[in-house]
Amino acid sequence: AAVVFLDAYDGEGNVPEHLVSPAFLDDCAAVVAPGGVVVANLFNGVDGSVPRANVMAFAAALDAHVGPVTSWPVEQPVNVVMAARKRKGTSRKGTEIRFPRRELRNT
């Protein structure tokens, strides 16, 4: 597949645990072609909130299992869309994620 789309939050604004599991993210990476993307819509939450921490954890997990992450805040409601592009055979494990926390808009 070229793209996998996820609507990755529950009724409380948190990322469901099964969507952050290494097994699920590895499965996503396996079905996406090299250079393809995993796109997720998440509840961004306010700076310092549990949902914001969950977004950052999800971004780090995407980076570790799929590839570099780019994010775009959505003004209304306070969501963030992020995409992880599948690596083409190189590993970046242990390196900083491409778009760190300061790139996520404070709401």
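Computed from a predicted model, the values in this text were never measured in an experiment. (Residues numbered from 1 in each chain as written. Predicted model: local features only at pLDDT ≥ 70, side-chain atom pairs only at ≥ 80, totals over all residues. Heavy atoms only, no water.)

Undergrad: Would you mind showing me how to read the overall build of the chain here?
TA: Per the secondary structure count, the chain includes three helices and four strands. Each helix (α) and strand (β) of the chain, taken in turn from the N terminus, gives the series β-α-α-β-α-β-β. Here the chain, with 107 residues, has 45% of them falling under the buried criterion. Residue pairs at least 24 apart in sequence account for 68% of intrachain contacts in the chain once pairs closer than 6 positions are excluded. (Helix = DSSP H or I, 4+ residues; strand = E, 2+ residues; numbered from the N terminus. Buried < 20%, exposed > 50% of the residue type's maximum accessible area, 1.4 Å probe, protein only. Contact = heavy atoms within 4.5 Å.)

Undergrad: Looking at this structure, how should I read the sheet that holds strand S1 (residues 3–7)?
TA: Within a sheet, each strand pairs with its neighbour through backbone hydrogen bonds, oriented either parallel or antiparallel. Taken in spatial order, the four strands make up an open sheet running S1-S2-S4-S3, and their pairing is mixed. Two strands lie at the open edges of the sheet, namely S1 and strand S3 (69–74), each paired on one side alone. Between one strand axis and the next, the sheet turns by 15° as a mean value, whatever way the strands run. Relative to strand S4 (residues 79–85), S3 runs antiparallel, the two sharing six bridges. (Pairing = 2+ DSSP bridges. Axes fitted to C-alpha atoms, helices over the stretch in contact; angles between N-to-C directions.)

Undergrad: What should I look at first to understand the confidence of the model for the chain in this one?
TA: The predicted coordinates of low-pLDDT regions are not to be read in fine detail. The share of residues in the chain with pLDDT of 70 or more is 80%, and the mean pLDDT across the chain is 80. Looking over the chain, one finds the lowest element-wise mean pLDDT in S3, namely 88, and the highest in helix H2 (residues 22–31), namely 94. Taken as a whole, residues 90–107 scores under 50 in pLDDT and shows 39 contacts with residues more than four places along the chain or in a different chain. (pLDDT = per-residue confidence, 0-100.)

Undergrad: Explain the environment of Gly67 here, please?
TA: Structurally, the position occupied by Gly67 is in the loop between helix H3 (50–65) and S3. Along the sequence, Gly67 and Val37 sit 30 residues apart, while their C-alpha atoms lie 8.5 Å from each other.

Undergrad: What is the right way to read H3 from this model?
TA: It helps to recall that an α-helix has 3.6 residues per turn; residues three or four apart then point in one direction. Between its terminal C-alpha atoms H3 stretches 22 Å, which fits the 22 Å expected from 16 residues at 1.5 Å a residue. Buried residues in H3 make contact with S1, helix H1 (17–20), H2, strand S2 (37–43), S3 and S4. One side-chain oxygen at the N-terminal end of H3 lies 3.2 Å from the backbone nitrogen of Arg52; it belongs to Ser49. (Expected span 1.5 Å × (residues − 1). Polar contact = N/O pair within 3.5 Å; in protein donor to acceptor, adjacent residues only side chain to side chain.)

Undergrad: What am I meant to see in the nonpolar core here?
TA: A general tendency of soluble globular proteins is for nonpolar side chains to be buried together. In this structure, Ala8, Val38, Leu42, Phe58, Leu62 and Met82 are the most contacted members of the largest nonpolar core, which totals 22 residues. Contributing elements (two or more residues each) for this core: S1, H2, S2, H3 and S4. Here this core gets five residues from one element, more than from any other, and that element is H3. Look past the residues within four positions of Val38 in its chain and what remains in contact with it is Val4, Leu6, Cys28, Val32, Leu62, Val66, Met82, Ala83 and Ala84. (Core = buried A, V, L, I, M, F, W, Y, C linked by side-chain atoms within 4.5 Å.)

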